[in-house]
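Residues per chain, in single letters:
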Amino acid sequence: MKVLVAVKRVVDYNVKIRVNSNQTAVETANVKMSMNPFDEIAVEEGIRLKEAGTASELIAFSVGPKQSQETIRTALAMGADRGILVETDIIVEPLAVAKCLKAIVEKENPDLVIVGKQAIDDDSNQTGQMLAALLGWSQGTFASKLILSDGSIKVTREVDGGLETVDLKMPAVVTTDLRLNEPRYASLPNIMKAKKKTIDVTNPEELGIDISPRLTVLKVEEPAKRLAGVMVEDVVQLVDKLRNEAKVI
Amino acid sequence: MSVLVIAEHDNAELKPATLSTVAAAAQLGDVDILVAGENCNAVANTAAKIAGVGRVLKADALALKTGLAENVAPLIVQLSSGYSHILAPATTNGKNIMPRVAALLDVAQISEITSVVSADTFVRPIYAGNAMATVQSDDAIKIITVRTTGFDTAPAEGGSATLEDVSNITDAALSSFAGQELTVSERPELTSAKVVISGGRGMQSGENFPMLEKIADKLGAAVGASRAAVDAGFVPNDYQVGQTGKVVAPDLYIAVGISGAIQHLAGMKDSKVIVAINKDEEAPIFQVADYGLVADLFEAVPDLSAELNK
């Protein structure tokens, strides 16, 4: 069984982001970039399926600028077998990513596609669901556990009230939530080995896909700043303030 | 313009998230509601009473009972003609179903809007709320999920919508519901709780979390944690508040022994009132706190517990 995972290059989750001076975007120049944390979980899950002998090949996919190769390389160092980059400098929306993924899925014929539930930059939470729709496949979103059996997959999903389990007919798209696994760090020998693995590079034009954005970003602003608070002397004063000033308890 | 709102319900009760979504929709045009489920008459009747709703479309079938996206999305697509906007609350249901609808219609989705600027322009948080983006959509039909904390709730009473049955419901036979394990905790869920008390690395051990639980029970609060506390193994991952965990915006957020890493602040800084208890007066959490207390949490938390009894 072949498994495809998608990874996105995003601003590292530890970076305090800044809006650029003309308020059109978040500053990404000279900022540390990393793999989207939810995608790390997707890669880890793919590797575990391989280690369990369920998956025979794990492909890491990305859409984005040339530097996204580094993100794919990270997935390869973790344990993916090869990479595919759909290279573009346009900021891609989830629908465009799903269309690129669909084109690659139709070439590679994986039985399972695993993607992060959302990217921590645009917070869209759409790509997996859109890909499943375009392929006419089943979807298991916000997964915290996967059990594969012949032709189907049992997905435990993190829903608002707790957990829900669905049975999906394969092929399927799964999106990862935090509890699915804890991603490994790539070891130095594996980082070295990953340098020899192949990354095929293509582009949306070659795939015949129109990735032009449907949304226009008119403005990006910092959210309203919080007013400076006060320090209280002790717990008695704190509870008094909460009861009588803030009136929240 | 007509707007279709997808009701959030469990076949027995209409969830309040629906009312916030109707409030957002009412800024855009005439509002209809789709109640898709099984044996969901009571929900449809409740929805018909919401002020300002014109029609309630009831789709009642076994295939819709558990809200499987593979079955609900085609139904919404089938009903979409004639609507300029389709809105669902940004619950796990809404987030599961709506992108599938958008892709089937070949349009973008605008996720988690917090305000409506005009019929085609909306504000939504990005980078876990560390920036707000104003986006304009050119698509003929706008597929939107609504962050319910951004809107008031529409009045639950006062309306008298007409009820219509929807037919032609099919089972895509791609997936099936296998069971659920809803959290039985007496405490509310993190993302919908009015009060949240969270512990960080300063808690030192998972064995100290019952201190917070005690206070949570007094305040009707949910218990959360920072990523540091989760990574240290004090509590399970689903406690995590932050950019890579849950984003919460309660009326009161109490951060105990949490230094205030950027990634944690991203998940809680929209809370109405923030309290920070930390022994390090330099901790960044104090910069976002409305009330800060520099104290050893192992003294302050039991004191707080006692004081709340008074």
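In what follows, the structure referred to is the one given above.
Residues numbered from 1 in each chain as written. Chains lettered and ligands numbered in written order. Predicted model: local features only at pLDDT ≥ 70, side-chain atom pairs only at ≥ 80, totals over all residues. Heavy atoms only, no water.

Trainee: Would you explain the overall build of chain A in this entry?
Mentor: A tally of helices and strands in chain A yields 7 helices and 13 strands. By the burial criterion, 53% of the 249 residues in chain A qualify as buried. Once local pairs closer than 6 in sequence are excluded, the contacts in chain A between residues at least 24 apart make up 70%. Working note: accessible area of chain A is about 11,100 Å², and carbon and sulfur atoms make up 50% of it. Averaging the locations of the 32 positively and 36 negatively charged side chains of chain A gives two centres separated by 2 Å. (Helix = DSSP H or I, 4+ residues; strand = E, 2+ residues; numbered from the N terminus. Buried < 20%, exposed > 50% of the residue type's maximum accessible area, 1.4 Å probe, protein only. Contact = heavy atoms within 4.5 Å. Areas by Shrake-Rupley, 256 points an atom, 1.4 Å probe, with all protein chains shown as cover. Lys, Arg positive; Asp, Glu negative; His and termini not counted. Charge placed at Lys NZ, Arg CZ, Asp CG, Glu CD.)

Trainee: Would you take a moment to explain a nonpolar patch on the surface for this structure?
Mentor: All names here are of chain A. A grouping of Leu-188, Ile-191 and Met-192 is seen on the molecular surface, where their side chains present a nonpolar patch of about 290 Å² in accessible area. Within the secondary structure layout, Met-192 lies in helix α5 (residues 188–194). Residue Met-192 is classed as partly exposed on the basis of its relative accessible area of 45%. (Patch = residues over 30% accessible without salt bridge, like charges linked within 9 Å, V, L, I, M, F, W, Y side chains within 5 Å. Salt bridge = Lys/Arg side-chain N within 4 Å of Asp/Glu carboxyl O.)

Trainee: Help me out: how do you make sense of helix α2 (residues 68–78) of chain A in this one?
Mentor: Turn by turn, an α-helix covers 3.6 residues, leaving residues three or four places apart pointing in a common direction. Taken together, the buried positions of α2(A) are A:Ser68, A:Thr71, A:Ile72, A:Ala75, A:Leu76, A:Ala77 and A:Met78. Directly beyond the C-terminal end of α2(A), a positive phi value near 150° is found at A:Gly79.

Trainee: Got a minute to help me understand the interface of chain A and chain B in this structure?
Mentor: Accessible area lost during the coming together of the parts is what is often quoted as the interface size. Taken together, the 76 residues of chain A in the interface contact 81 residues of chain B. The contact between chain A and chain B buries some 6,600 Å² in all, and 56% of this surface belongs to carbon and sulfur atoms. Broken down residue by residue, the surface that chain A buries against chain B is led by A:Asp160, A:Arg214 and A:Arg226, which jointly contribute 11%. Put simply, chain A and chain B have 4 salt bridges between them. Two residues, B:Asp139 and A:Arg214, come together in a salt bridge whose shortest N-O distance is 3.1 Å. Connecting chain A to chain B are 39 residue pairs in polar contact (both at pLDDT 80 or more). In the side of chain A that touches chain B, the residues fall into 37 nonpolar, 15 polar and 24 charged. In this structure, strand β9 (residues 162–169) of chain A lies alongside strand β11 (residues 175–182) of chain B, joined through 7 bridges in antiparallel fashion. (Buried area = accessible area lost by both parts, 1.4 Å probe. Polar contact = N/O pair within 3.5 Å; in protein donor to acceptor, adjacent residues only side chain to side chain. Nonpolar A, V, L, I, M, F, W, Y, C, P; charged D, E, K, R; others polar. Pairing = 2+ DSSP bridges.)

Trainee: Looking at this structure, how should I read the nonpolar core?
Mentor: Note on soluble globular proteins: their nonpolar side chains tend to be buried together. A:Phe61, B:Leu34 and B:Ile86 are the most contacted members of the largest nonpolar core, which has 55 residues in total. Among the elements that make up this core, the one with the highest residue count is helix α3 (residues 94–108) of chain A (9 residues). Leave out the neighbours within four places in its chain, and B:Leu34 touches B:Leu4, B:Val5, B:Ile6, B:Ala7, B:Leu57, B:Ala59, B:Leu75, B:Ile76 and B:Leu79. Grouped together as the second largest cluster of nonpolar side chains are 43 residues, B:Ala7, B:Ala24, B:Ala25 and B:Ile113 included. (Core = buried A, V, L, I, M, F, W, Y, C linked by side-chain atoms within 4.5 Å.)

Without other data, these values stay purely geometric and don't point to any function.
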